[in-house]
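One letter stands for each residue in the lines below.
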Amino acid sequence: MSVNLHTLSNGLRIVTEHMPGLQSAALGLWVNAGGRHEKAHENGIAHFLEHMAFKGTARRNAQMIAEEIEDVGGYINAYTSREATAYYARVLKDDVALALDLIADIVLNPAFDPREIEVERGVILQEIGQANDTPDDIIFDWLQEVAYPGQPLGRTILGPADRVRAFGRGDFTGFIGQHYGPGQLILSAAGAVDHDEIIRLAEEMLGHLSPQPAAVPEPGIFAGGERREVKALEQAHFTLALESPGYRHDDIYAAQIYATALGGGMSSRLFQEIRERRGLCYTIFAQVGAYDDTGLMTIYAGTGGDDLGELANLTIDEIRRSVGGLTQAELDRARAQMKAGMLMGLESPSARAERLARLVSIWNRIPPLEETVARIDAVTLPRLLSFAEGMAQAGRAAMALYGPVDRAPDLGRLTERLAA
(Lines give C-alpha, C1' and ligand atoms only; values in the text may rest on other atoms or scores of the structure.)
Protein backbone atom coordinates (compact mmCIF):
# COMPACT_ATOMS: atom_id res chain seq x y z
CA MET A 1 0.00 0.00 0.00
CA SER A 2 1.26 3.48 -0.80
CA VAL A 3 0.19 6.82 0.65
CA ASN A 4 0.70 10.00 -1.35
CA LEU A 5 0.08 13.62 -0.38
CA HIS A 6 -0.10 16.52 -2.82
CA THR A 7 -1.12 20.17 -2.51
CA LEU A 8 -2.65 22.11 -5.40
CA SER A 9 -1.43 25.62 -6.08
CA ASN A 10 -4.56 27.04 -4.43
CA GLY A 11 -3.84 25.18 -1.16
CA LEU A 12 -6.27 22.24 -1.50
CA ARG A 13 -4.65 19.08 -0.17
CA ILE A 14 -5.03 15.66 -1.80
CA VAL A 15 -4.17 12.44 -0.03
CA THR A 16 -4.58 8.96 -1.49
CA GLU A 17 -3.79 5.38 -0.53
CA HIS A 18 -3.80 2.63 -3.13
CA MET A 19 -4.96 -0.69 -1.65
CA PRO A 20 -4.01 -3.60 -3.99
CA GLY A 21 -6.65 -6.21 -4.71
CA LEU A 22 -9.65 -3.96 -4.11
CA GLN A 23 -12.29 -3.35 -6.75
CA SER A 24 -13.82 -0.33 -4.99
CA ALA A 25 -12.77 3.05 -3.67
CA ALA A 26 -13.84 5.47 -0.96
CA LEU A 27 -13.32 9.18 -1.48
CA GLY A 28 -14.59 12.47 -0.24
CA LEU A 29 -14.04 16.10 0.67
CA TRP A 30 -13.36 16.86 4.31
CA VAL A 31 -13.91 20.51 5.26
CA ASN A 32 -12.19 21.95 8.33
CA ALA A 33 -15.39 23.64 9.43
CA GLY A 34 -17.89 22.29 11.92
CA GLY A 35 -19.93 23.31 14.91
CA ARG A 36 -17.13 25.09 16.75
CA HIS A 37 -16.55 27.39 13.76
CA GLU A 38 -20.04 28.87 14.06
CA LYS A 39 -20.86 32.17 15.70
CA ALA A 40 -23.64 32.08 18.29
CA HIS A 41 -26.29 33.24 15.79
CA GLU A 42 -25.06 30.59 13.31
CA ASN A 43 -25.39 27.60 15.65
CA GLY A 44 -26.60 24.67 13.57
CA ILE A 45 -25.77 26.12 10.17
CA ALA A 46 -22.84 23.78 9.39
CA HIS A 47 -25.17 20.80 9.84
CA PHE A 48 -28.01 22.45 7.89
CA LEU A 49 -25.54 23.21 5.09
CA GLU A 50 -24.48 19.57 4.98
CA HIS A 51 -28.14 18.59 4.46
CA MET A 52 -28.63 21.17 1.72
CA ALA A 53 -25.73 19.77 -0.33
CA PHE A 54 -27.96 16.86 -1.36
CA LYS A 55 -30.96 19.01 -2.29
CA GLY A 56 -29.75 20.04 -5.73
CA THR A 57 -27.10 22.01 -7.62
CA ALA A 58 -27.02 24.09 -10.77
CA ARG A 59 -26.55 20.84 -12.75
CA ARG A 60 -28.53 18.26 -10.77
CA ASN A 61 -31.69 18.12 -8.71
CA ALA A 62 -31.94 16.00 -5.56
CA GLN A 63 -33.33 12.98 -7.41
CA MET A 64 -30.57 13.12 -10.03
CA ILE A 65 -27.92 13.11 -7.30
CA ALA A 66 -29.43 10.00 -5.73
CA GLU A 67 -29.98 8.23 -9.04
CA GLU A 68 -26.51 8.92 -10.50
CA ILE A 69 -24.70 7.36 -7.57
CA GLU A 70 -27.10 4.45 -7.19
CA ASP A 71 -27.14 3.75 -10.95
CA VAL A 72 -23.55 2.55 -10.51
CA GLY A 73 -24.24 0.72 -7.23
CA GLY A 74 -22.49 3.30 -5.06
CA TYR A 75 -23.58 5.39 -2.12
CA ILE A 76 -22.99 8.96 -1.00
CA ASN A 77 -23.36 10.50 2.43
CA ALA A 78 -22.13 13.24 4.77
CA TYR A 79 -21.76 14.13 8.42
CA THR A 80 -21.02 17.16 10.58
CA SER A 81 -18.87 17.12 13.70
CA ARG A 82 -17.66 19.89 15.96
CA GLU A 83 -14.50 20.42 13.91
CA ALA A 84 -15.27 19.16 10.40
CA THR A 85 -17.89 18.45 7.76
CA ALA A 86 -17.38 15.47 5.46
CA TYR A 87 -18.96 14.59 2.12
CA TYR A 88 -17.98 11.12 0.94
CA ALA A 89 -18.86 8.26 -1.40
CA ARG A 90 -18.05 4.60 -2.03
CA VAL A 91 -18.01 3.29 -5.60
CA LEU A 92 -16.43 0.70 -7.85
CA LYS A 93 -13.04 1.67 -9.27
CA ASP A 94 -14.40 2.58 -12.72
CA ASP A 95 -16.75 5.15 -11.17
CA VAL A 96 -14.26 7.21 -9.15
CA ALA A 97 -14.46 10.14 -11.58
CA LEU A 98 -18.25 10.17 -11.35
CA ALA A 99 -18.16 10.10 -7.55
CA LEU A 100 -15.69 12.97 -7.37
CA ASP A 101 -17.73 14.99 -9.84
CA LEU A 102 -20.83 14.47 -7.70
CA ILE A 103 -19.05 15.41 -4.49
CA ALA A 104 -17.42 18.50 -6.00
CA ASP A 105 -20.77 19.57 -7.44
CA ILE A 106 -22.78 19.26 -4.22
CA VAL A 107 -20.08 20.96 -2.12
CA LEU A 108 -19.23 23.83 -4.47
CA ASN A 109 -22.52 24.45 -6.31
CA PRO A 110 -25.51 23.93 -3.99
CA ALA A 111 -28.61 25.55 -5.45
CA PHE A 112 -30.27 26.54 -2.15
CA ASP A 113 -33.69 26.44 -3.77
CA PRO A 114 -36.10 28.16 -1.32
CA ARG A 115 -38.57 25.26 -1.57
CA GLU A 116 -35.87 22.73 -0.75
CA ILE A 117 -34.64 24.85 2.17
CA GLU A 118 -38.13 24.65 3.68
CA VAL A 119 -38.36 20.90 3.11
CA GLU A 120 -35.01 20.25 4.73
CA ARG A 121 -35.76 22.67 7.55
CA GLY A 122 -38.65 20.41 8.46
CA VAL A 123 -36.41 17.33 8.30
CA ILE A 124 -33.84 18.90 10.65
CA LEU A 125 -36.51 20.04 13.09
CA GLN A 126 -37.69 16.42 13.20
CA GLU A 127 -34.08 15.33 13.77
CA ILE A 128 -33.80 17.78 16.69
CA GLY A 129 -37.05 16.47 18.12
CA GLN A 130 -35.84 12.89 17.82
CA ALA A 131 -32.57 13.74 19.59
CA ASN A 132 -34.46 15.52 22.38
CA ASP A 133 -36.60 12.41 22.85
CA THR A 134 -33.56 10.11 23.08
CA PRO A 135 -32.05 10.42 26.57
CA ASP A 136 -28.74 8.74 25.79
CA ASP A 137 -28.27 11.16 22.87
CA ILE A 138 -29.33 14.47 24.37
CA ILE A 139 -27.43 13.95 27.61
CA PHE A 140 -24.11 14.16 25.76
CA ASP A 141 -25.10 17.53 24.29
CA TRP A 142 -25.90 18.73 27.81
CA LEU A 143 -22.56 17.42 29.08
CA GLN A 144 -20.72 19.25 26.30
CA GLU A 145 -22.62 22.44 27.15
CA VAL A 146 -21.69 22.38 30.84
CA ALA A 147 -18.09 21.39 30.05
CA TYR A 148 -17.63 24.39 27.72
CA PRO A 149 -20.35 26.88 28.75
CA GLY A 150 -21.02 29.82 26.47
CA GLN A 151 -18.46 28.60 23.92
CA PRO A 152 -18.83 27.32 20.35
CA LEU A 153 -17.35 23.98 21.45
CA GLY A 154 -20.16 23.61 23.97
CA ARG A 155 -23.04 24.15 21.57
CA THR A 156 -25.06 21.37 19.96
CA ILE A 157 -24.19 20.45 16.39
CA LEU A 158 -27.87 20.38 15.36
CA GLY A 159 -28.47 23.86 16.76
CA PRO A 160 -31.54 25.12 18.59
CA ALA A 161 -34.87 24.85 16.80
CA ASP A 162 -35.42 28.63 16.78
CA ARG A 163 -32.16 29.21 14.91
CA VAL A 164 -32.89 26.44 12.41
CA ARG A 165 -36.27 28.05 11.71
CA ALA A 166 -34.54 31.35 10.86
CA PHE A 167 -31.73 30.32 8.48
CA GLY A 168 -32.00 31.50 4.89
CA ARG A 169 -30.01 31.39 1.69
CA GLY A 170 -27.76 34.28 2.68
CA ASP A 171 -26.70 32.49 5.86
CA PHE A 172 -25.57 29.45 3.87
CA THR A 173 -23.64 31.39 1.24
CA GLY A 174 -21.99 33.50 3.94
CA PHE A 175 -20.80 30.45 5.86
CA ILE A 176 -19.47 28.83 2.68
CA GLY A 177 -17.67 32.03 1.73
CA GLN A 178 -15.90 32.15 5.05
CA HIS A 179 -15.13 28.46 5.65
CA TYR A 180 -15.09 26.53 2.36
CA GLY A 181 -11.90 27.89 0.80
CA PRO A 182 -9.49 25.44 -0.84
CA GLY A 183 -7.07 25.62 2.08
CA GLN A 184 -9.83 24.26 4.31
CA LEU A 185 -10.62 21.34 1.97
CA ILE A 186 -8.95 17.92 1.99
CA LEU A 187 -9.66 15.45 -0.80
CA SER A 188 -9.01 11.95 0.51
CA ALA A 189 -9.31 8.68 -1.40
CA ALA A 190 -8.43 5.07 -0.59
CA GLY A 191 -8.83 1.71 -2.27
CA ALA A 192 -8.70 1.16 -6.02
CA VAL A 193 -7.42 4.65 -6.78
CA ASP A 194 -4.58 6.09 -8.84
CA HIS A 195 -2.91 9.10 -7.23
CA ASP A 196 -2.01 10.87 -10.47
CA GLU A 197 -5.53 10.43 -11.83
CA ILE A 198 -7.04 11.84 -8.62
CA ILE A 199 -4.75 14.88 -8.93
CA ARG A 200 -5.79 15.38 -12.55
CA LEU A 201 -9.48 15.19 -11.66
CA ALA A 202 -9.00 17.51 -8.69
CA GLU A 203 -7.23 20.11 -10.85
CA GLU A 204 -10.12 19.94 -13.29
CA MET A 205 -12.92 20.14 -10.73
CA LEU A 206 -11.38 22.04 -7.80
CA GLY A 207 -8.29 23.81 -9.10
CA HIS A 208 -10.19 26.99 -9.99
CA LEU A 209 -11.03 27.83 -6.37
CA SER A 210 -9.41 31.00 -5.07
CA PRO A 211 -7.33 30.84 -1.88
CA GLN A 212 -8.71 32.58 1.19
CA PRO A 213 -7.60 32.89 4.81
CA ALA A 214 -8.94 30.33 7.26
CA ALA A 215 -11.09 31.54 10.13
CA VAL A 216 -9.59 30.68 13.54
CA PRO A 217 -12.14 29.15 15.94
CA GLU A 218 -12.54 30.36 19.51
CA PRO A 219 -10.38 28.34 21.93
CA GLY A 220 -12.08 25.67 24.01
CA ILE A 221 -11.71 26.29 27.75
CA PHE A 222 -12.96 23.53 30.03
CA ALA A 223 -14.97 25.05 32.86
CA GLY A 224 -17.16 22.23 34.16
CA GLY A 225 -20.55 22.37 35.80
CA GLU A 226 -23.73 20.40 36.27
CA ARG A 227 -27.05 20.01 34.48
CA ARG A 228 -29.79 17.93 36.06
CA GLU A 229 -33.10 17.29 34.33
CA VAL A 230 -35.63 15.38 36.41
CA LYS A 231 -38.10 13.36 34.33
CA ALA A 232 -40.18 10.23 34.88
CA LEU A 233 -38.08 7.78 32.84
CA GLU A 234 -37.36 4.11 33.44
CA GLN A 235 -33.64 4.80 33.77
CA ALA A 236 -31.47 7.51 35.27
CA HIS A 237 -28.84 8.57 32.74
CA PHE A 238 -25.49 9.61 34.21
CA THR A 239 -22.56 11.27 32.44
CA LEU A 240 -19.37 12.62 33.96
CA ALA A 241 -16.49 14.31 32.14
CA LEU A 242 -12.96 15.35 33.09
CA GLU A 243 -10.74 17.39 30.81
CA SER A 244 -8.27 15.33 28.83
CA PRO A 245 -5.61 16.23 26.23
CA GLY A 246 -6.18 17.53 22.73
CA TYR A 247 -5.09 15.29 19.87
CA ARG A 248 -1.67 16.97 19.45
CA HIS A 249 -0.76 16.62 23.13
CA ASP A 250 1.98 14.17 24.15
CA ASP A 251 -0.42 12.51 26.62
CA ILE A 252 -3.17 11.67 24.12
CA TYR A 253 -2.20 7.99 23.95
CA ALA A 254 -1.89 7.75 27.73
CA ALA A 255 -5.40 9.23 27.93
CA GLN A 256 -6.81 6.68 25.52
CA ILE A 257 -5.16 3.78 27.32
CA TYR A 258 -6.41 5.11 30.66
CA ALA A 259 -10.01 5.40 29.45
CA THR A 260 -9.83 1.88 28.00
CA ALA A 261 -8.55 0.41 31.26
CA LEU A 262 -11.12 2.36 33.27
CA GLY A 263 -14.19 1.65 31.15
CA GLY A 264 -13.37 0.55 27.63
CA GLY A 265 -14.50 -3.06 27.65
CA MET A 266 -15.86 -6.00 29.61
CA SER A 267 -12.59 -6.41 31.53
CA SER A 268 -12.40 -2.74 32.51
CA ARG A 269 -12.62 -1.53 36.09
CA LEU A 270 -15.98 0.20 35.79
CA PHE A 271 -17.61 -2.70 33.96
CA GLN A 272 -16.30 -5.31 36.36
CA GLU A 273 -17.08 -3.42 39.58
CA ILE A 274 -20.35 -1.68 38.74
CA ARG A 275 -22.03 -4.07 36.31
CA GLU A 276 -20.54 -7.50 36.98
CA ARG A 277 -20.04 -7.40 40.77
CA ARG A 278 -22.81 -4.99 41.80
CA GLY A 279 -25.37 -5.41 39.02
CA LEU A 280 -26.15 -1.67 39.06
CA CYS A 281 -26.40 -1.11 35.31
CA TYR A 282 -26.58 -2.70 31.89
CA THR A 283 -24.40 -0.13 30.08
CA ILE A 284 -21.34 1.67 31.43
CA PHE A 285 -18.29 2.89 29.54
CA ALA A 286 -15.51 5.46 29.46
CA GLN A 287 -14.10 7.06 26.33
CA VAL A 288 -11.83 9.90 25.28
CA GLY A 289 -12.79 12.53 22.71
CA ALA A 290 -10.08 14.91 21.49
CA TYR A 291 -10.21 18.31 19.80
CA ASP A 292 -7.55 20.66 18.51
CA ASP A 293 -6.91 22.31 21.87
CA THR A 294 -8.72 20.28 24.52
CA GLY A 295 -10.54 17.01 25.08
CA LEU A 296 -12.93 15.11 27.33
CA MET A 297 -12.78 11.80 29.11
CA THR A 298 -16.44 10.88 29.40
CA ILE A 299 -18.10 8.22 31.53
CA TYR A 300 -21.68 7.16 30.83
CA ALA A 301 -24.04 4.78 32.63
CA GLY A 302 -27.76 4.13 32.79
CA THR A 303 -29.25 2.81 36.04
CA GLY A 304 -32.33 2.94 38.25
CA GLY A 305 -33.03 6.14 40.14
CA ASP A 306 -32.58 4.42 43.50
CA ASP A 307 -29.14 3.11 42.47
CA LEU A 308 -27.77 6.29 40.92
CA GLY A 309 -26.12 7.61 44.06
CA GLU A 310 -24.24 4.38 44.65
CA LEU A 311 -23.23 4.15 40.98
CA ALA A 312 -21.92 7.74 40.94
CA ASN A 313 -19.91 7.22 44.13
CA LEU A 314 -18.45 3.94 42.87
CA THR A 315 -17.43 5.65 39.63
CA ILE A 316 -15.50 8.26 41.58
CA ASP A 317 -13.96 5.55 43.75
CA GLU A 318 -12.72 3.66 40.69
CA ILE A 319 -11.03 6.81 39.37
CA ARG A 320 -9.36 7.23 42.78
CA ARG A 321 -8.33 3.57 42.94
CA SER A 322 -6.69 3.85 39.54
CA VAL A 323 -4.12 6.19 41.10
CA GLY A 324 -1.32 3.85 42.05
CA GLY A 325 -3.55 0.86 41.35
CA LEU A 326 -3.32 0.33 37.60
CA THR A 327 -1.21 -2.69 36.73
CA GLN A 328 1.09 -3.66 33.90
CA ALA A 329 -1.47 -6.30 32.88
CA GLU A 330 -4.17 -3.62 32.54
CA LEU A 331 -1.84 -1.42 30.52
CA ASP A 332 -0.91 -4.28 28.20
CA ARG A 333 -4.56 -5.28 27.74
CA ALA A 334 -5.69 -1.73 26.98
CA ARG A 335 -2.79 -1.23 24.60
CA ALA A 336 -3.67 -4.43 22.74
CA GLN A 337 -7.31 -3.31 22.47
CA MET A 338 -6.25 0.06 21.04
CA LYS A 339 -3.89 -1.38 18.46
CA ALA A 340 -6.26 -4.13 17.39
CA GLY A 341 -9.17 -1.70 17.08
CA MET A 342 -7.08 0.69 14.99
CA LEU A 343 -5.69 -1.98 12.68
CA MET A 344 -8.98 -3.85 12.24
CA GLY A 345 -10.71 -0.57 11.43
CA LEU A 346 -8.27 0.09 8.62
CA GLU A 347 -9.36 -2.97 6.64
CA SER A 348 -12.01 -0.88 4.82
CA PRO A 349 -11.21 1.86 2.30
CA SER A 350 -13.81 4.14 3.91
CA ALA A 351 -12.03 3.98 7.27
CA ARG A 352 -8.69 4.58 5.60
CA ALA A 353 -9.93 7.59 3.64
CA GLU A 354 -11.35 9.14 6.80
CA ARG A 355 -8.16 8.45 8.75
CA LEU A 356 -6.03 10.00 6.01
CA ALA A 357 -8.14 13.16 5.96
CA ARG A 358 -8.02 13.47 9.73
CA LEU A 359 -4.25 13.02 9.88
CA VAL A 360 -3.65 15.60 7.16
CA SER A 361 -5.93 18.00 9.02
CA ILE A 362 -4.02 17.51 12.27
CA TRP A 363 -0.41 17.11 11.12
CA ASN A 364 -0.39 18.14 7.44
CA ARG A 365 1.36 14.81 6.85
CA ILE A 366 0.59 11.11 7.19
CA PRO A 367 2.46 9.55 10.11
CA PRO A 368 3.20 5.89 9.24
CA LEU A 369 1.21 3.28 11.13
CA GLU A 370 4.47 2.14 12.68
CA GLU A 371 4.93 5.61 14.20
CA THR A 372 1.46 5.54 15.73
CA VAL A 373 1.97 2.04 17.11
CA ALA A 374 5.33 3.13 18.55
CA ARG A 375 3.66 6.03 20.36
CA ILE A 376 1.09 3.66 21.84
CA ASP A 377 3.88 1.28 22.88
CA ALA A 378 5.82 4.18 24.45
CA VAL A 379 3.20 4.60 27.21
CA THR A 380 4.87 3.05 30.25
CA LEU A 381 3.20 2.12 33.53
CA PRO A 382 4.77 5.07 35.42
CA ARG A 383 3.49 7.42 32.73
CA LEU A 384 0.01 5.89 32.88
CA LEU A 385 -0.05 6.14 36.69
CA SER A 386 1.05 9.77 36.46
CA PHE A 387 -1.80 10.47 34.06
CA ALA A 388 -4.27 8.73 36.37
CA GLU A 389 -3.08 10.89 39.25
CA GLY A 390 -3.58 14.01 37.17
CA MET A 391 -7.15 13.00 36.35
CA ALA A 392 -7.97 12.40 40.01
CA GLN A 393 -6.52 15.78 40.95
CA ALA A 394 -8.27 17.67 38.16
CA GLY A 395 -10.41 19.68 40.57
CA ARG A 396 -13.06 20.43 37.95
CA ALA A 397 -15.57 18.14 36.32
CA ALA A 398 -18.74 18.29 34.24
CA MET A 399 -21.85 16.23 34.91
CA ALA A 400 -25.21 15.81 33.19
CA LEU A 401 -28.08 13.77 34.65
CA TYR A 402 -31.45 12.92 33.11
CA GLY A 403 -34.42 10.95 34.40
CA PRO A 404 -35.28 10.09 38.04
CA VAL A 405 -32.16 11.91 39.26
CA ASP A 406 -33.54 14.17 42.01
CA ARG A 407 -31.76 12.22 44.79
CA ALA A 408 -28.39 11.91 43.04
CA PRO A 409 -25.35 13.52 44.70
CA ASP A 410 -24.45 16.91 43.29
CA LEU A 411 -21.23 17.58 41.41
CA GLY A 412 -19.65 19.36 44.38
CA ARG A 413 -19.96 16.27 46.56
CA LEU A 414 -18.52 14.04 43.85
CA THR A 415 -15.51 16.27 43.20
CA GLU A 416 -14.86 16.43 46.95
CA ARG A 417 -14.96 12.63 47.05
CA LEU A 418 -12.54 12.49 44.12
CA ALA A 419 -10.08 14.80 45.88
CA ALA A 420 -10.34 13.02 49.26
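In what follows, the accompanying structure is described. Nothing here was measured: the structure is a model prediction, and the numbers come from that model.

Within the secondary structure, Glu 127 sits in helix H4 (residues 114–132). Each C-alpha atom of the pair Glu 127 and Leu 158 lies 8.2 Å from the other, and the pair is 31 residues apart in sequence. Contacts of Glu 127, omitting those with residues within four sequence positions, involve His 47, His 51 and Leu 158.

Take the sheet that holds strand E1 (residues 2–7) next. Spatially, the six strands line up as an open sheet ordered E1-E2-E6-E3-E5-E4, and their pairing is mixed. Where the open sheet ends on each side, the last strands, each with one partner, are E1 and strand E4 (75–80). Across the sheet, the mean angle from the axis of one strand to that of its neighbour is 15 degrees, orientation sign disregarded. Inspection of the sheet shows E4 paired to strand E5 (residues 85–92) by six bridges, in the antiparallel sense. Along E5, the bridge assignment pairs Asn 77 with Tyr 88.

Turning our eyes to something else, we now look at the pairing of strand E6 (residues 185–191). Most of E6 sits out of view: seven of its seven residues are buried. In E6, alternate side chains face the same way, and those of Leu 185, Leu 187, Ala 189 and Gly 191 on one face and Ile 186, Ser 188 and Ala 190 on the other are all buried. Taken together, the six bridges between strand E2 (residues 13–18) and E6 define a ladder with parallel strand orientation. Its bridge partner being in E6, Ile 14 is matched across the sheet by Leu 187. Relative to E6, strand E3 (residues 24–31) is paired through seven bridges, and the arrangement is antiparallel. By the bridge assignment for E6, Leu 29 is matched with Leu 187.

The rules behind the values
- Residues numbered from 1 in each chain as written.
- Predicted model: local features only at pLDDT ≥ 70, side-chain atom pairs only at ≥ 80, totals over all residues.
- Heavy atoms only, no water.
- Helix = DSSP H or I, 4+ residues; strand = E, 2+ residues; numbered from the N terminus.
- Contact = heavy atoms within 4.5 Å.
- Pairing = 2+ DSSP bridges.
- Axes fitted to C-alpha atoms, helices over the stretch in contact; angles between N-to-C directions.
- Buried < 20%, exposed > 50% of the residue type's maximum accessible area, 1.4 Å probe, protein only.

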